[in-house]
Amino acid sequence: MKPETPVSGVGLGLRRALMGPLSSTLDFPETAPFDFMEVAPENWIPMGGRLAKEFRAFTERFPFVTHGLSLSLGGPEPLDFELLKAVKGFLKEHNIRRYTEHLSYCSDHGHLYDLMPIPFTEEAVHYVADRVRQVQDFLEQPIGIEHVSYYTQLGNAAPGSDMSEIDFVNAVLEEADCELLLDVNNAYVNSINHGYDPREFISALPGDRICYLHVAGHFDEAEDLKVDTHGSAVIDPVWRLLEHAYQEFGVLPTLLERDFNFPGNEVLFGELRQIGHYQHQQRSATRKLG
């Protein structure tokens, strides 16, 4: 049986530009179209003064999860335990329900300012899984890892030894014994860019390891090239994939990511209610079958 998820319902990524527009939800959080929120801890550590007070107002009213940007799980340098120490304190201070990170790397003797793909090899599986276990041991709690969007696959020196993306992701999850943050938009973007069926990819994931889901918008660079930007509305094929994920795994907590080009609350809340609609639809269908 799948363990209880750390949060439930509909989530929204909290960005500093949204704090003002979302302040109206603080007095009556039960009327907000979202149930939980997410932040990248690096963007909020350290903080003080007015910003800390405003942030505390949100964490006191809504459950929170965090999605890290710079741990560089697949990177060549040692894990940054000073960062992890700060993250651990941040999680405790604000009663954060879960810490997640990207299955990628972003540093090599300096920050690369992008999430780079890891070669899909057995050697990389063992390397990354060991680092994930170290993080879980240090934080004294499970973490979730997110399969990332990528635009080129790094080859391995030994011909024929590469794995598929789905086999790589599943192998890391199994060996690290960690959770999965399923990003539905990433599955769609990668399926277009690398020519596979996103439904088959999602169906092959271990549903019992999923802690929550992401949906987001992307940019159409070309018919066969999509760029994961989080700067536009979620499109219909991604909504269809979200429905497919619910059909496969049941209703799971789902968070909307938006990093720039923020619309007004009416439009933003409309997307959040769309998530809630699909969740309600799936629950109704499940009850009818039961």
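Section: the sheet that holds strand β2 (residues 36-39)
In space, the 8 strands of this closed barrel follow the order β1-β2-β3-β4-β7-β8-β9-β12, with parallel pairing throughout. If you compare each strand with its neighbour and ignore which way they point, the axes differ by 30° on average. With 3 bridges connecting them, strand β1 (residues 10-13) and strand β12 (residues 254-257) associate as parallel partners. Note that in β12 the partner of L12 across the bridge is L256. Lying on the sheet, helix α9 (residues 265-289) is in contact with β1, β9 (210-216) and β12; it crosses β1 at an angle near 150°.

Things to note about the pairing of β1
Two faces make up the sheet, and in a regular strand the side chains alternate between them. Alternating residues of β1 divide into V10 and L12 and G11 and G13, and every residue in both groups is buried. Where β1 and β2 come together, 3 bridges link them in parallel fashion. Bridging across to β2, G13 finds its partner in E38.

Re the environment of L242
Inspection of the secondary structure assignment puts L242 in helix α8 (residues 236-249). In this structure L242 comes out as buried when scored by relative accessible area, which is 0%. Each C-alpha atom, one on L242 and one on I143, is 22 Å from the other, the two residues being 99 residues apart in sequence. Contact partners of L242, with chain neighbours within four places excluded, come to V184, L213, V215, T254 and Y278.

Observations regarding empty space enclosed by the protein
Enumeration according to the criterion identifies 1 cavity of 30 Å³ or more in this entry. Space inside the largest cavity adds up to approximately 80 Å³. Lining the largest cavity we find L103, P117, I118, F120, H147, V148, Y150, E165, F168 and V169. Tallied by class, the residues present in the lining of the largest cavity amount to 8 nonpolar, 1 polar and 1 charged.

Structural notes on helix α5 (residues 165-176)
In this model α5 runs 16 Å from its N-terminal to its C-terminal C-alpha over 12 residues, within 8% of the 16 Å that 1.5 Å per residue would give. Turning to α5, its buried residues number three or more, namely E165, I166, F168, V169, V172, L173 and A176. Viewed along the axis of α5, the buried residues span an arc of 165°, placing them on a single side of the element. Phi turns positive one or two residues past the end of α5, at D177, with a value near 55°.

Procedures and definitions
Residues numbered from 1 in each chain as written. Predicted model: local features only at pLDDT ≥ 70, side-chain atom pairs only at ≥ 80, totals over all residues. Heavy atoms only, no water. Pairing = 2+ DSSP bridges. Helix = DSSP H or I, 4+ residues; strand = E, 2+ residues; numbered from the N terminus. Axes fitted to C-alpha atoms, helices over the stretch in contact; angles between N-to-C directions. Contact = heavy atoms within 4.5 Å. Buried < 20%, exposed > 50% of the residue type's maximum accessible area, 1.4 Å probe, protein only. 1 Å grid on protein atoms, 1.4 Å probe; cavity = no way out; pocket = protein on both sides within 12 Å on 5 of 7 lines; lining within 4 Å. Points joined across faces, edges and corners; volume = space filled by probe spheres on them. Nonpolar A, V, L, I, M, F, W, Y, C, P; charged D, E, K, R; others polar. Expected span 1.5 Å × (residues − 1). Arc of directions from axis to C-beta.

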